[in-house]
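Structural description and commentary
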Amino acid sequence: MHIVYLPVYFYWIWLSIRARSLFFFNAANPGMKNGGFVMESKFDIYQLIPPLFYPATILVRSDVPLVEISKLLNAHQIDYPFFAKPDIGLRGSAVKKINDEKELEDYHERATFDYLIQNQIPYPNEIGVFYVKLPGSTGKITGIVNKELVTVTGDGYSNIEELICQIPRFELQITPLRREYGQRLLEILPLNQRMNLVPYGNHIRGAKFTDVSHWKTPQLERAFDEICSQVSGFCFGRLDIMYNTIEELEQKRNFMIVEINGAASEPTHIYDPRHSLWFAWKELLRHINLMYLVSKANRDSGAPYLNFKQGMQEIRNHFKHNAKILKF
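The sections below set out a description of the structure shown in this document. Quick caveat, the model's predicted, so the values are computed rather than measured.

Below, the discussion takes up unusual backbone geometry. In this structure, proline 81 follows tyrosine 80 across a cis peptide bond, with omega equal to -10°. Along the polypeptide, proline 81 turns up in the loop between helix H3 (66–75) and strand S2 (82–86). One non-glycine residue with positive phi stands out, namely asparagine 34, at about 55°. Tracing the backbone through its elements, the reader meets asparagine 34 in the loop between helix H1 (6–19) and helix H2 (42–46). In this structure asparagine 34 comes out as buried when scored by relative accessible area, which is 6%. Backbone geometry places methionine 39, a non-glycine residue, at a positive phi of 60°. For methionine 39, a relative accessible area of 13% translates into the label buried.

Below is the structure:
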C-alpha cells in the first residue's frame, strides 16, 4: 500500500504547503470527526444519516456484559445473523458475520475495542460510489466500483477448499478462510450450489472490484446528491451501498447505506484488474486534489483545519487503536 501511495505522499506535502496545514483534511467533512480521516466513529457517522437509509445499528462497548447486548438486540429488533465490526475501523479488519449467540460471545470476548452490531441488509448487490460536493454547487459522482464477493459454485465432487484454490484471487484468502470455517472447508458442495465465503465487499478479503463508473447517469447522480444532501456536513467520500437494481437506485428505492467513508476514502474503482498503476496514480492524485479544494472552500466558510499538535495526537491515537484491531 505504501509503495503504491508514494507519489500521493509527495503531492500531499505540496498541498499541505499550499494549505499551510498538514491536516487540511479536517475541513473536508465538517460533520465528521477529523473529516473522516482518522479516529472517526462509524456510529457517530450513522447518526448523521436519515435512519431509513441504513440498517438497524447499535454501539457495543467492549466492557459491557453479554446479557446487556441481548437486551439491546431485542430493543432494536436485530436478529441473527447480523454483522459485527469495529466502531473505528481499519480497512475491513475484524468485520464478521455473527450467526448465533456462541459466535457473538466469542467475538465479544476477543474484542478489546468498541464495536457495532448491524442488521443484515437484504439486497443482493454492492457498489461503492465516490461523491464530491463543493460548497454552493451540485454534488458529483467521481467514480463507481462494483464488488464481486468471494463466492464459489459447487461441481458435485470438489470440496469447498478445492473450489477456493481453483480461483487465484480466492486462494490468497485460504489462511483466514481456514481460520473462519475450519473443517467445513472439507465438505463437498452440491452441483451448482453457491456459497458466499466472505459476505461483504472488502478488497483485502478477496472481493473483486470492477470499475463501473460508466453506470453514472444524470438520474443516478441527482439521486446521490439528494441522498448526500441529507447527511449533515458530508462533502467528500465514498458511500458503500447495497441495492436491488440500478434502476431502483436511481429512484432512491430498495437500497441501504452500508457505511460512509470520509476523507480517508479511496476511489476503489482503481482496483479493477484492467487498470494500470498509472491509472491508479492519476485517480488518487485527482481525488486528493478534490479533497484539498473541498477542504479549502469549507475553511473559507468557517470550518477549521486541525492544528499540528492536535493532528499528531490523532495520528498517534490512530496507530494505537489499529494495533488493537490487528490483534483480533
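In this section: the sheet that holds strand S4 (residues 115–119). The four strands are arranged S1-S4-S2-S3 in an open sheet whose pairing can be described as antiparallel. Across the chains shown, the open sheet's two edge strands, defined by having one partner strand only, are strand S1 (57–60) and strand S3 (96–98). Recorded for the sheet is a direction-independent mean angle of 30° between the axes of neighbouring strands. Across three bridges, S2 lies against S3 in antiparallel orientation. Note on S3: the bridge partner recorded for phenylalanine 83 is lysine 97. Contacting S1, S2, S3 and S4, helix H4 (residues 101–110) runs over the sheet at an angle of about 140° to S3.

Time to look at the pairing of strand S11 (residues 255–261). S11 sits mainly inside the fold: seven of its seven residues count as buried. Of the pairings in the sheet, the one linking strand S10 (residues 236–243) to S11 comprises six bridges and is antiparallel in character. Bridge pairing in S11 links aspartate 240 to glutamate 259.

Where H4 is concerned, the buried positions are Leu104, Tyr107 and His108. The buried residues of H4 all sit within an arc of 95° when viewed along its axis, so they share a single face. Opposite the buried face of H4, by more than 90 degrees, sit the exposed residues Lys102 and Glu109. At its buried positions, H4 is contacted by S1, H3, S2, S3 and S4.

This brings us to the side chain of asparagine 26. One can find asparagine 26 in the loop between H1 and H2. Polar contacts involving the side chain of asparagine 26 include one to the main-chain carbonyl oxygen of proline 304, which spans 2.9 Å. Setting aside anything within four residues of it in sequence, one finds asparagine 26 in contact with Asn34, Gly35, Pro304, Tyr305 and Leu306.

Structurally, phenylalanine 319 can be placed in helix H11 (residues 308–326). Looking at phenylalanine 319, the relative accessible area reads 56%, which means it is exposed. In the structure, phenylalanine 319 is positioned 281 residues away from valine 38 in sequence and 9.4 Å away in space, judged by C-alpha atoms.

What follows concerns the packing of aromatic side chains. Following the criterion strictly, the structure yields 15 aromatic pairs and no others. For the ring pair tryptophan 12 and phenylalanine 25, a centre distance of 5.9 Å and an interplane angle of 50° mean the geometry is tilted. With tryptophan 12 in helix H1 and phenylalanine 25 in the loop between H1 and H2, this residue pair connects regions lying 13 residues apart in the sequence. Across the pair, exposure class does not vary: tryptophan 12 and phenylalanine 25 are buried alike. An aromatic cluster of at least three residues, connected via ring pairs, comprises Trp12, Phe23, Phe24, Phe25, Phe37, Tyr292 and Phe308. Its end group placed over the ring of tyrosine 305, arginine 299 keeps NZ or CZ at 4.6 Å from the ring centre.

Scanning the model with the defined rule gives 17 salt bridges in all. Between lysine 252 and glutamate 226 there is a salt bridge whose closest N-O contact spans 2.6 Å. Of the two residues, lysine 252 sits in the loop between helix H9 (246–250) and S11 while glutamate 226 sits in helix H8 (residues 218–228), which places them 26 residues apart along the sequence. Owing to a relative accessible area of 34%, glutamate 226 belongs among the partly exposed residues under this scheme. Each member of the salt-bridge network shares a partner with another, and the members are Glu126, Lys147, Arg238 and Asp240.

Along the chain, the position of glutamate 314 falls in helix H11. Of the polar contacts made by the side chain of glutamate 314, one reaches the side chain of asparagine 317; its length is 3.2 Å. Filtering out sequence-adjacent residues up to four positions away, glutamate 314 remains in contact with Lys33, Asn34, Val38 and Met39.

All right, on to the environment of phenylalanine 234 then. Residue position: phenylalanine 234 is located in the loop between H8 and S10. Look at phenylalanine 234 and you get buried, because its relative accessible area is 4%. Counting along the chain gives 192 residues from phenylalanine 234 to lysine 42, while the straight-line C-alpha distance between them is 13 Å.

Reading the values: the criteria
- Residues numbered from 1 in each chain as written.
- Predicted model: local features only at pLDDT ≥ 70, side-chain atom pairs only at ≥ 80, totals over all residues.
- Heavy atoms only, no water.
- Helix = DSSP H or I, 4+ residues; strand = E, 2+ residues; numbered from the N terminus.
- Buried < 20%, exposed > 50% of the residue type's maximum accessible area, 1.4 Å probe, protein only.
- Pairing = 2+ DSSP bridges.
- Axes fitted to C-alpha atoms, helices over the stretch in contact; angles between N-to-C directions.
- Contact = heavy atoms within 4.5 Å.
- Arc of directions from axis to C-beta.
- Polar contact = N/O pair within 3.5 Å; in protein donor to acceptor, adjacent residues only side chain to side chain.
- Phe/Tyr/Trp six-rings, centres within 6.5 Å; stacked < 30°, edge-to-face > 60°.
- Lys NZ or Arg CZ within 6 Å of the ring centre and 35° of its normal.
- Salt bridge = Lys/Arg side-chain N within 4 Å of Asp/Glu carboxyl O.

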